[in-house]
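Structural features, examined
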Amino acid sequence: MPVYAYKGVTQAGRNTRGFVDADSARAARAKLRRDGVFLTDLSESAAERQGPASAAKSRNVSFDLSRFRRIAPLDLALATRQLSTLIGAGVPLVQGLSALAEQVETARLKGVIGQIRDRVNEGSTLGDAMAQAGPFSDLYVGMVRAGEAGGALEQVLARLAEYLESEVRLRNKVGSILIYPSVMFGFALIVVGVLVTVVLPQITELLASLNQPLPFYTRAIIEMARFMQSYWWAVAAALLVLAIVVRAVLRTQAGHANFDRLKLRLPVVGRTVRLLAISRFTRTLSTLLAGGLPIVRALDTAKHVANNVVLGAAIDAARNSVTADQSLAQPLRASGEFPPIVVQMVEGG
């Protein structure tokens, strides 16, 4: 069923805008007229326009910015919780998805939910429809499939909503921690730039007029400032080349592994990186296991959430140990990458 974006005026004279799903533009106008909305503009949402074949064809001749808009994790968490509530209230899945499409305000997410609803209406499972929709992670799709198979879709969606909300809280907390050092670093760069380009040349002229021998460090700073003023373009080009080389190295398997190892070994940052990665891994693993996924499959999915090759190798060893009917905690302890309290809690569990 297509989704239409509309603008209009209510009976109270207020401007309004939103989205409505209907079989046709005429049906959408009639539906809005019954709701007391006088239309000034009505257009079909690009995410729902035409069928799959014609939509694929239109991608070659049109450029739709909504396809590239990222769905905010908080919007996805809210939609997941709303769908869980609808299913828990006994609303059929297709009707629940239709109600959710009307409730959601983000155009990108509304179009995605409309696509999922149409595929489910055609006989697809919810997990398969979400996998085909695109913006859902493997963790999300895997838990939904497990919930469908176990008949606990409402509980699984509620756990997914809690997980997404906790991820948003964690991301906001990390962002707030990094704001202050980032601002101070940028301010320091500005101050150094002003000193090198404005203040230091004037001091250099003053010192030269004294006709006195200067200390080594003073001469070094003056020469460095002159070099930066004369060859700033060469320094900028060198930094650009260095960034390209580093990016190319990080794309290799060995380079990525060495960089992840370096991040964990840094004096202050390493501890924060390690705790964040382990926190995301353990939270994700707990959510997957509570959603009914087998532990081997849950470890495979949660490994990617840690986003670290070194920790991923330790998790792979733990998965192989579980596959061989052995301990989950022992490989984690042997790797030396997980804090003792994490290993002890896993061993106790």
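Up top is the structure.
Rules of the game
Residues numbered from 1 in each chain as written. Predicted model: local features only at pLDDT ≥ 70, side-chain atom pairs only at ≥ 80, totals over all residues. Heavy atoms only, no water. Helix = DSSP H or I, 4+ residues; strand = E, 2+ residues; numbered from the N terminus. Rg over C-alpha atoms; globule rule 2.2 N^0.38 Å. Buried < 20%, exposed > 50% of the residue type's maximum accessible area, 1.4 Å probe, protein only. Contact = heavy atoms within 4.5 Å. Areas by Shrake-Rupley, 256 points an atom, 1.4 Å probe, with all protein chains shown as cover. Lys, Arg positive; Asp, Glu negative; His and termini not counted. Charge placed at Lys NZ, Arg CZ, Asp CG, Glu CD. Pairing = 2+ DSSP bridges. Axes fitted to C-alpha atoms, helices over the stretch in contact; angles between N-to-C directions. Phe/Tyr/Trp six-rings, centres within 6.5 Å; stacked < 30°, edge-to-face > 60°. Core = buried A, V, L, I, M, F, W, Y, C linked by side-chain atoms within 4.5 Å. 1 Å grid on protein atoms, 1.4 Å probe; cavity = no way out; pocket = protein on both sides within 12 Å on 5 of 7 lines; lining within 4 Å. Points joined across faces, edges and corners; volume = space filled by probe spheres on them. Nonpolar A, V, L, I, M, F, W, Y, C, P; charged D, E, K, R; others polar.

**A short note on the overall build of the protein**
Helix and strand counts for the protein come out as 16 helices and 3 strands. Radius of gyration (C-alpha) of the protein: 28 Å, far over the 20 Å computed for a compact globule of 349 residues. Overall, the C-alpha framework of the protein stretches about 90 × 65 × 40 Å when taken along its three principal axes. For the protein, the residues scored as buried account for 31% of the 349 residues in total. In the protein, once contacts between residues fewer than 6 apart in sequence are set aside, the share between residues at least 24 apart is 50%. When the accessible surface of the protein is split by element, carbon and sulfur atoms take 60% of a total near 21400 Å². Considering the protein, the positive charge centre built from 39 side chains and the negative charge centre built from 27 side chains are found 5 Å apart.

**Re the sheet that holds strand S1 (residues 3-10)**
Spatial strand order, S2-S1-S3: 3 strands in an open sheet with antiparallel pairing. Either end of the sheet is taken by a strand with one partner, and the two such strands are strand S2 (15-21) and strand S3 (37-44). When strand polarity is set aside, the average angle formed by the axes of neighbouring strands in this sheet is 25 degrees. Pairing geometry for S1 and S3, over 7 bridges, is antiparallel. In the strand pairing of S3, Tyr-4 is matched with Glu-44.

**Brief notes about the packing of aromatic side chains**
In this structure the tally under the stated criterion is 4 aromatic pairs. On the numbers, 6.4 Å between centres and 55 degrees between planes, the contact of Tyr-231 with Trp-233 is tilted. Ring plane angle 65 degrees and centroid distance 6.1 Å describe the contact between Phe-281 and Phe-338, whose orientation is recorded as edge-to-face. Of this pair, Phe-281 sits in helix H12 (residues 269-290) while Phe-338 is found in the loop between helix H15 (329-335) and helix H16 (340-348), placing the two residues 57 residues apart along the sequence. The burial state of Phe-281 is the same as that of Phe-338; both residues are buried. Cluster of aromatic residues (ring-pair linked, three or more members): Phe-227, Tyr-231 and Trp-233.

**Quick notes on the environment of Asn-258**
Here Asn-258 is to be found in helix H11 (residues 253-265). Separated by 52 residues in sequence, Asn-258 and Val-310 have C-alpha atoms that sit 8.8 Å apart.

**As for the nonpolar core**
Judged by nonpolar contacts, the single largest core of 55 residues is most densely connected at Ile-116, Leu-126, Phe-136, Tyr-140 and Phe-338. Excluding its chain neighbours within four sequence positions, the residues that come into contact with Leu-126 are Leu-83, Leu-93, Leu-97, Ile-116, Val-120, Val-144, Glu-148 and Leu-153. Core analysis: the next-biggest nonpolar cluster, separate from the first, contains 7 residues, Tyr-6, Ala-28, Leu-32 and Val-37 among them.

**Here's the deal with empty space enclosed by the protein**
Applying the stated criterion to the full structure yields 1 cavity of 30 Å³ or more. Its volume calculated, the largest cavity comes out at about 90 Å³. Lining the largest cavity, in full, are Leu-76, Ala-79, Thr-80, Leu-83, Leu-97, Leu-100, Leu-109, Ile-113, Ile-116, Met-130, Phe-136 and Tyr-140. Elements with a minimum of two residues in the lining of the largest cavity: helix H3 (73-88), helix H4 (93-103) and helix H5 (107-121). Here the lining of the largest cavity takes 4 residues from H3, the largest share from any one element. Here the residues of the lining of the largest cavity are counted per class, giving 11 nonpolar, 1 polar and no charged.

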